[in-house]
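# Secondary and tertiary structure notes
Single-letter residue listing:
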Amino acid sequence: MGERKATVAAEVGLHARPAATFVQMAMKAPMDVTVARSSGGDPINGKSILQIMALDVRKGEEIVIRAEGDGSEEILDRLADIASTP
Amino acid sequence: MTTVLAPVEGAAVGLAAVPDPVFSAGMVGPGTAIDPSRGPGEAVAPITGKIMKLHPHAYVIVGDDGRGVLVHLGIDTVQLKGRGFRLLAAEGDRVSAGQPVVAWDPTEIEAGGRSPVCPVVALDALDSAVTALAEGTVRAGDELFQWT
């Protein structure tokens, strides 16, 4: 399974604008996309803004994004970019 | 179906009127926005459920069916770091629709140069699932829209 690690750089964490942008990109993926804290915990559905908000990732925390299948590498790159954009 | 109540008193103006493209373009989800009446007021729970996230400037209530509704009190209000807001409930609390969650004063938000407009958004909902949007004057606790 493909994965990327990204350190969340937005001041507000993975909320509001970064969360909405992330989910919009994840929704474009034909395959499942999951997000978890690198430090552990259950992965959540990366296409759900509710679950992303519930995960409550703060600035400076590292997440791991996973997806598998055709085109997943490109999607993972783009999602990691969004998560690590200040 | 979920009936979503107006969290604050004011004028229902639609998401397109929100001065933040993340909300006005519907990126967070479908719903509407309320231009709140100025002066001290209390923002209430739009649905019955659990307070999944409670920030001073925004909260998410999740109903028993798993549906989440976001209420955002003003735009760019995260920058206030809680100034001007007083919590009337705690994260994890179970609340009834119409129960006060945060006390605030839109006048203060506006005086600080920010828009006090409040997006009310159905999270993870299709645009077509939100119907019967209220228009014009609403009071806190009035029906704001239906989530089918």
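Residues numbered from 1 in each chain as written. Chains lettered and ligands numbered in written order. Predicted model: local features only at pLDDT ≥ 70, side-chain atom pairs only at ≥ 80, totals over all residues.

Short version of the rule: UniProt positions are given in the numbering used here, feature names are shortened, and annotations may be inferred rather than shown by experiment.
Under an unreviewed UniProt entry, the name given to chain B is PTS glucose transporter subunit IIA, and the organism recorded is Nonomuraea ferruginea. Turning to chain B, the UniProt annotation filed under Subcellular location (unreviewed entry) states: "Cytoplasm".

An unreviewed UniProt entry annotates chain A as Phosphocarrier protein HPr of Nonomuraea ferruginea. Of the comments in the UniProt record for chain A, the one headed Subcellular location (unreviewed entry) reads "Cytoplasm".

## Overview of the pairing of strand β5 (residues 49-55) of chain B
Residues and elements named next belong to chain B. Rules: By the convention used here, strands pair only if DSSP detects at least 2 bridges between them. To qualify as a helix, a DSSP run of H or I must reach at least 4 residues; to qualify as a strand, a run of E must reach at least 2; elements of each kind are numbered from the N terminus.
Of the pairings in the sheet, the one linking β5 to strand β9 (residues 94-95) comprises two bridges and is antiparallel in character. Across the sheet, the residue bridging to Lys-50 is Arg-94, located in β9. For β5 and strand β6 (residues 58-62), the ladder comprises five bridges, and the chain directions are antiparallel. Looking at β6, one finds that Lys-53 is bridged to Val-60. Between β5 and β6, which pair antiparallel one after the other, the connecting turn spans two residues.

## Notes on unusual backbone geometry
Residues and elements named next belong to chain B. For the record, the criterion: Any residue whose C-beta has 12 or fewer other C-beta atoms within 10 Å is treated as exposed, any with 20 or more as buried, and any in between as partly exposed, C-beta atoms being built from the backbone.
Backbone geometry at Asp-76 places phi at a positive 60°, although glycine is not the residue there. One non-glycine residue with positive phi stands out, namely Asp-124, at about 60°. In this structure, Asp-124 sits in the loop between β11 (118-122) and β12 (130-131). When the 18 C-beta atoms within 10 Å are taken as the criterion, Asp-124 is described as partly exposed.

## What about the interface of chain B and chain A?
Here is the rule we go by: Remark: residues whose backbone-derived C-beta atoms lie within 7 Å of one another are considered to be in contact. All amino acids are sorted into three groups, where Ala, Val, Leu, Ile, Met, Phe, Trp, Tyr, Cys and Pro are nonpolar, Asp, Glu, Lys and Arg are charged, and the leftover types, Gly among them, are polar.
Across the contact, 11 residues belong to chain B and 11 residues belong to chain A. Grouping the amino acids of the side of chain B that touches chain A by side-chain chemistry returns seven nonpolar, two polar and two charged.

## Some thoughts on the sheet that holds strand β13 (residues 136-138) of chain B
Residue and element names in this part refer to chain B. Taken together, the eight strands give an open sheet; going across it, the order is β9-β5-β6-β7-β11-β3-β2-β13, and neighbouring strands pair in antiparallel fashion. Here the strands that pair on one side only, and so sit at the sheet edges, are β9 and β13. Pairing of strand β2 (residues 10-12) with β13 involves three bridges; the strand directions are antiparallel. Counterpart to Gly-10 in the pairing with β13 is Val-138.

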